Structures are given as C-alpha cells and as structure tokens.
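Observations on the model geometry
The lines below spell out each chain.
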Amino acid sequence: MLWLVWRQHRWQLLAVTALVAAYCGYLLWVVRAAPEAVRACGPVDPDCTQLNLLNARWTNAVFVGNLLPLAVGVFWGAPLLAREVEQGTIRLAFTQSVSRRRWLTVKLGVLAGVAVLLGLAVGASVSWSIGRLGAFSSPAFGNDLLFSQAGMMPAATWVLALVAGVALGAFLRRLMPAVAATVVALSLVFAGLVALRPHLIPPVDRIAVTQEQFVGDPGPEAIESGWIYRVSYLDRDGHELSSAAAGRLCADPANSSPTPECVDRLGLRQRVVYQPAARYVWFQLVEGGLLLLVSAGLLLAVRRRTAAVV
C-alpha cells in the first residue's frame, strides 16, 4: 500500500513539498539580514529604509503563506476519491485484497503525516523569523495573518484542508467541482476562524486606576500586554469614553488619546479588554484542537461515504 500511495501521489507530494521548501527558504533568506537592519535603524539609517523594505517583503511572504493550505486541499485532498470515482478506478481498487477501510486509512494516514510535517516546518520557519525581526515584527498573538502561520497552527490547518478536500471529493464525485468547492469551502472556513478566534477564550476585563497600570493606546506597552481588544476610559460618573472622546475632553486636537495631565484632571480610569500574552499557547491549542475535531468528523463522513460506494 505504501508503494501504491507513492506511485499515485508522488507528483502531488513532490510539488507541494517543493513549494513549502521554497516558501520557508525565502522567509529565512529575507530575515537573514534582520539583526543588521535593526541595529542600523536610527544611527546609521535614520529612515530605517532597509528594515522597512525587509519587513514589507517578509509580510508579503507570510500573506502568501496563508494560501498554502489551499494547495493541500486542491492537489492532495480533492483528487483522492473524486478522481478515482470519476475515472471508475475506485471499483478496481475496492475489489482487491485490501479492504476499503485499510485502503482509505493508509492513503489518508500517509498524506496527513506529510501534511503535519510540512505544516510544522512552516510554523517553525515563521516563528523563528518573527524572533529575528524582534520588536520590529508584529506579534503573532492578535495578528490574523501570523497566528495561522506560527507555531503548531499550520499543522492542524493543513490536516483540515486535506480532509476537507477528500470529503468534498467523496460527495461530489467529480474532480473539477470538488477542486472548486474545496477552494470556496476552505476560504470560508478560514474567514470564519478569524471571526471566531477572539471568542475562543473569554477575555480579561481590567480597570486600571493609576497611570502606572495603564497600557499604551496604542503602543509597545499594549503589544507586550498581549492581545488588546479594546481600550477605553471611565469618568468619575462611570460613563465609558473612547480614547478619542476622552482626548477631546482635554481640548487638545493634536492628541487622539488623553494625556497624563488630562487623566489626572478628569479623574479618568482606563478599561482594557484583552487576552494576556500567556494565553497565546492556549489559543493555539484550542483552535488547533477545534480544527482536528472538525477533521475527525469529516473523516467519519468520508468513511461512511466510501462504504456506500459500489
């Protein structure tokens, strides 16, 4: 069976593996000069031109990297059953000595294993490159583009993309409709994840009384605090004001948020709704577990569908 999987899927495996290698290699090549650009920013390069160019290239690469799971769903998942059914070879495969369950388990097991390895390679490359950029890189926590590309998330995302493609191929039974449906379905799923992510774990709602407890609005302090959902202010009567509204009370149009003097004069308290930075790992585990749970449900549906194929 392993030899059969290699013979049938070697070109898809090699193509996606080469794509991942090129992507990870480009990321590492872009950030190779990051420490030097960071040191030069300011004293040597006042406009930080080199660092800004490097950061722009890296950000564009990460954006493109979010499309990689589509390649797994389209090239690995959708053809797995759809092409076999469309060409009629599924009947030949199911009349051999290998059972349907074993046939499907081995194929999916091999492809899912490779998807996990490649996904982990992507996650490691992105996480390492974030460290190379240091404070000049946006943190993965709270950044929709980076979160799905860092850590363990690509592995879970790639498995879901593979299984979704297989499931759509099993039900549509035609290759091109399955490919189109996979692209649309995965795009909707990933967009839904972005909308769902802030609600996976209830945020912390903190009211700071002294200015020493305030977070930047916005600024490096806000980033270090974790994933900031909302920053607002409470006046003496308990009315909630946005940063801009509180700033306007200071009669200083140049400030979009209240100055320290304004805070003291109006007796403002700061309300911060946020996720602490320590919850980043938990968010990865919860979202990754959710994706794997959905994948397991799709696998069960594929198994039942395959059992009904004559």
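Residues numbered from 1 in each chain as written. Predicted model: local features only at pLDDT ≥ 70, side-chain atom pairs only at ≥ 80, totals over all residues. Heavy atoms only, no water.

**Notes on the overall build of the protein**
Heads up, the rule is: Where helices and strands are cited, they refer to DSSP runs of H or I of at least four residues and of E of at least two residues respectively, numbered from the N terminus. Note on exposure labels: buried denotes an accessible area under 20% of the residue type's maximum, exposed denotes more than 50%, and partly exposed covers the range between, all computed with a 1.4 Å probe on protein chains only. Contacts are assigned to residue pairs with any non-hydrogen atoms lying within 4.5 Å of each other.
Along the backbone of the protein there are 13 helices and four strands. Looking at the protein as a whole, 44% of its 310 residues qualify as buried. The long-range share in the protein, meaning contacts at least 24 apart out of those at least 6 apart in sequence, stands at 80%.

**A word on the confidence of the model for the protein**
Applied cut-off: What pLDDT conveys is the predictor's confidence in a given residue, as a value from 0 to 100.
Scored by pLDDT, the protein has a mean of 80; 81% of the residues are at 70 or more. Low pLDDT, under 50, characterises residues 219-223; the stretch is placed with six contacts to residues that sit more than four places away or in other chains.

**Focus: the packing of aromatic side chains**
Going by this rule: Classification of ring pairs rests on two measures: the distance between centres of Phe, Tyr or Trp rings, Trp counted by its six-membered ring, which must be within 6.5 Å, and the angle between planes, read as stacked under 30 degrees, edge-to-face over 60 and tilted in between.
Scanning the entire structure with this criterion turns up seven aromatic pairs. Measuring from ring centre to ring centre gives 5.9 Å for Phe 147 and Tyr 280, while their planes differ by 90°; the resulting arrangement is edge-to-face. Pair noted here: Phe 147 is in helix α7 (residues 144-147) and Tyr 280 is in helix α13 (residues 280-308), with a separation of 133 residues, a long-range link. Judged by its relative accessible area of 22%, Tyr 280 falls in the partly exposed class. Taken together, the ring pairs connect Phe 141, Phe 147, Trp 227, Tyr 229, Tyr 280 and Phe 283 into an aromatic cluster.

**Side note on the side chain of Asn 66**
Condition: Here a polar contact is recorded for every N or O atom pair within 3.5 Å, except that within protein the pair must consist of a potential hydrogen donor and a potential acceptor, and residues adjacent in sequence are included only if both atoms are side-chain atoms.
Counting through the fold element by element, Asn 66 comes out in the loop between α3 (49-65) and α4 (68-87). Judged by its relative accessible area of 19%, Asn 66 is buried. Looking at Asn 66, its side chain comes within polar contact range of the main-chain oxygen of Val 62, at 2.9 Å. In contact with Asn 66, other than residues within four places in its own chain, are Leu 145, Ser 148 and Gln 149.

**As for the environment of Leu 145**
Among the structural elements, Leu 145 can be located in helix α7. Exposure remark for Leu 145: the relative accessible area of 31% places this residue in the partly exposed category. Each C-alpha atom of the pair Leu 145 and Asn 66 lies 7.1 Å from the other, and the pair is 79 residues apart in sequence. Apart from the residues within four sequence positions on either side, Leu 145 is in contact with Val 62, Phe 63 and Asn 66.

**Comments concerning unusual backbone geometry**
Glycine aside, a negative phi is what most residues show, and trans is what most peptide bonds show. The phi dihedral of Arg 173 falls on the positive side, at around 65°, and the residue is not glycine. Mapped onto the elements of the fold, Arg 173 is located in the loop between α8 (153-172) and α9 (175-196). For Arg 173, a relative accessible area of 28% puts it in the partly exposed group.

**Thoughts on the sheet that holds strand β2 (residues 226-234)**
Stated precisely, the cut-off is as follows: The criterion for strand pairing is that DSSP finds at least two bridges linking the strands in question. In this description, a line fitted to the C-alpha atoms serves as the axis of each element, helices being fitted only across the stretch in contact, and the angle between N-to-C directions of two axes falls anywhere from 0 to 180 degrees.
Strand order in the open sheet made by the four strands is β1-β4-β2-β3, with antiparallel pairing throughout. Each having just a single partner strand, β1 (204-208) and β3 (240-242) make up the two edges of the open sheet. Pairs of neighbouring strands in the sheet enclose a mean axial angle of 35°, with direction left out of account. In the sheet, β1 pairs with strand β4 (residues 269-276) via five bridges, with the strands oriented antiparallel. Of the residues in β4, the one forming a bridge with Val 204 is Tyr 274.

**Thoughts on α8**
Definition in use: Expected span of a helix, by definition, is 1.5 Å for each gap between consecutive residues, and there is one gap fewer than residues.
A rise of 1.5 Å per residue sets the reference length of α8, with its 20 residues, at 28 Å; its end C-alpha atoms lie 28 Å apart and thus fit the reference within 8%. Most of α8 sits inside the fold, with 17 of its 20 residues counted as buried. Arg 173 sits one or two residues past α8 and shows a positive phi near 65°.

**Topic: the nonpolar core**
Put simply, the test is: What is meant by a nonpolar core is a set of buried Ala, Val, Leu, Ile, Met, Phe, Trp, Tyr and Cys residues, joined one to another through side-chain atoms within 4.5 Å.
Among the nonpolar cores identified, the biggest contains 54 residues, and Tyr 23, Trp 58, Trp 76, Val 122, Val 126 and Trp 158 are the most heavily contacted of them. Listed by contribution, the elements that provide at least two residues to this core are α1 (2-30), α3, α4, α6 (100-133), α7, α8, α9 and α13. Here the element with the most residues in this core is α6; it accounts for eleven residues. Residues in contact with Val 122, not counting those within four places in the same chain, are Val 20, Tyr 23, Cys 24, Leu 68, Gln 149, Pro 154 and Trp 158. Counting twelve residues, the second-largest nonpolar core is a separate cluster that includes Phe 214, Val 215, Tyr 233 and Leu 241.

**With respect to α3**
Residues three or four positions apart in an α-helix share a direction because the helix packs 3.6 residues into each turn. To keep things clear, this is the line we draw: Note that the arc is defined by the directions from the helix axis to the C-beta atoms.
Taking 1.5 Å of rise per residue, the 17 residues of α3 would be expected to cover 24 Å, and the 24 Å separating its terminal C-alpha atoms lies within 8% of that figure. Among all positions in α3, only Leu 51, Leu 54, Trp 58, Ala 61, Val 62 and Gly 65 are buried. Looking straight down α3, one finds its buried side chains confined to an arc of 100°; they lie on one side. Away from its buried face by more than 90 degrees, α3 exposes Thr 49 and Asn 60.

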